[in-house]
Amino acid sequence: MRKKKIFSIVVPVYQNEANLNETVPKLLNLQEQLPNHSLELVFVEDGSSDASYNILYDYQKRHKDNITLVKLTKNFGQIAAIQAGLQISSGDCVGVISADLQDPHELFVDMVKKWEEGVKLVIAERKGREESIRQSFFSNIYWKMVNRYAVENYPAGGYDFFLIDRKIVEDVVNINEKNTHIMVLIFSLGYRYEIIEYTRKERKAGKSQWTLSKKIKLFIDTFVSFSYLPIRGISYTGLGISLLSFCYATIIGIGRFIFGNPIEGWTTIVILIAIFGGLILLTLGIIGEYIWRILDETRKRPSFVIDKIIDKDYGKAR
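Scope of this entry: the structure provided in the associated data block. The residue numbering used here restarts from 1 in each chain and proceeds along that chain's sequence as written. Where local features are concerned, this predicted model is filtered to residues with pLDDT of at least 70; where side-chain atom pairs are given and counted, the filter is 80 or more; whole-chain, interface and lining totals use all residues. Hydrogen atoms and water are omitted, and side-chain values are computed over all heavy atoms in the structure.

Some details on the overall build of the protein
For the record, the criterion: Secondary structure elements follow DSSP: runs of H or I of four or more residues count as helices, runs of E of two or more count as strands, with numbering from the N terminus. Here's how the labels work: a residue is buried when its accessible area is under 20% of the maximum for its type, exposed when over 50%, partly exposed in between, all with a 1.4 Å probe on protein chains only. Any two residues whose heavy atoms approach within 4.5 Å are treated as being in contact. Reported accessibility uses the Shrake-Rupley method at a 1.4 Å probe radius. Residues are deemed covered only where the shown protein chains occlude them.
A tally of helices and strands in the protein yields 11 helices and eight strands. Across the 318 residues in the protein, those meeting the buried criterion constitute 42%. For the protein, long-range pairs separated by at least 24 residues make up 83% of all intrachain contacts whose partners lie at least 6 apart in sequence. For the protein, the exposed area adds up to about 17600 Å²; of that, 57% sits on carbon and sulfur atoms.

If you want it as structure tokens, here you go:
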């Protein structure tokens, strides 16, 4: 009898106690829809202060053959939690989905079919959102910038709901890049991919932990890690200012030596000092982002620290 292939689903969990009692049973029910595969759910508890871990622990005790529970020592962030889940997963293919199930988990059935046809990366691309116009507007701008300035042909609607082959999992684990955007990293590897479109649902329970500060950090991480735009922007800005300064000096010189105009300018000088001071600090900040990332990589500190793993083989923390 041929051994069943394993389909793993990695679910990063942070402050999701309001969702888990609905999320876990729905994901477990995928086993019925995928009878030719063994289902492995890898929940990565990312330092929640609510009851998320206790809820997941209860489910793991009842479904030891299907659930692996990974507890991190603190909140390392969604990207690090996904990296931890990929490292622990044992599936021949691995899906990633958020714990709030705003994404339609049933699409995993179609994703697995495409993977069986030889597609190593199956992307569920958001083509619509049951969210506020403001959220959709800024999200669309962000992904269009990623497509234009960071990774060519990147899905315009973005994605964080996907399925990858074991080969890609191994690539990502071996790269082990810090301060990255793991979805952009996976796409940039260049594997054959296919897209399934869907509309993202409105969040029904709990509060999103996707705060403004986390969005800003991810924005910076994406463009510093995958684009030359920030550092080249400094060069272009410097060139532009130099040309404007030359033109301004020429106009002042013509006015002084041809028309006899007095050279004025305390207000102008103060304004220029303020502008150039701000630009200098901005450019130093951009350069500092690159230097800090170099330092962070050379120190070899882990992106995450696992406190315990509870799975079917051990039945207890290891």
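Further notes follow.
Some remarks on the packing of aromatic side chains
Condition: Two rings from Phe, Tyr or Trp (for Trp, the six-membered ring) form a pair when their centres sit within 6.5 Å of each other. Planes less than 30 degrees apart are called stacked, planes more than 60 degrees apart edge-to-face, and all others tilted. We count a charge as sitting over a ring when the NZ of a lysine or the CZ of an arginine lies within 6 Å of the ring centre and within 35 degrees of the ring normal.
This model, assessed by the stated rule, comprises eight aromatic pairs. Centre to centre, the rings of Phe187 and Tyr193 are 4.9 Å apart; their planes meet at 55°, and the pair counts as tilted. With a relative accessible area of 32%, Tyr193 lands in the partly exposed category. Three or more aromatic residues joined by ring pairs form one cluster here, namely Tyr154, Tyr159, Phe162, Phe187 and Tyr193. The aromatic ring of Tyr59 is capped on one face by Arg62, whose charged end is 4.6 Å from the ring centroid. Between Lys71 and the ring centre of Tyr53, over which it is positioned, the NZ or CZ distance is 5.4 Å.

Considerations on the pattern of salt bridges
Applicable threshold: For this analysis, a salt bridge means a side-chain nitrogen from Lys or Arg found within 4 Å of a carboxyl oxygen belonging to Asp or Glu.
Across all of its chains, the model carries 10 salt bridges by this definition. Notably, a salt bridge pairs Lys167 with Asp171, separated by 3.1 Å at the nearest N-O pair. Remark: Asp171 and Lys167 occur in helix H7 (residues 166-175); sequence separation between them is four residues, near one turn of the helix. Here Lys167 falls in the partly exposed class, since its relative accessible area comes to 37%. One network of salt bridges, in which partners are shared, links Lys114, Arg192 and Glu194.

What to know about empty space enclosed by the protein
Just so we agree on the cut-off: Points on a 1 Å grid over protein atoms alone make up a cavity when a 1.4 Å probe fits among them but cannot get out, and a pocket when they form an open set with protein on both sides within 12 Å along at least five of seven lines; lining residues each have an atom within 4 Å of a point. Grid points are joined across faces, edges and corners, and a volume is the space filled by probe spheres set on the points. Under the grouping applied here, Gly and all other residues not named as nonpolar or charged are polar, the nonpolar ones being Ala, Val, Leu, Ile, Met, Phe, Trp, Tyr, Cys and Pro and the charged ones Asp, Glu, Lys and Arg.
In this structure the tally under the stated criterion is one cavity of 30 Å³ or more. When its volume is computed, the largest cavity comes out at roughly 80 Å³. Around the largest cavity sit Gln83, Leu86, Gln87, Val172, Val173, Asn176 and Phe304, which together line it. Elements that contribute at least two residues to the lining of the largest cavity include exactly helix H4 (78-88) and H7. A total of three residues in the lining of the largest cavity trace back to one element, the largest contributor, which is H4. Within the lining of the largest cavity, the residues separate by chemical class into four nonpolar, three polar and no charged.

Keep in mind these values describe shape, not function.
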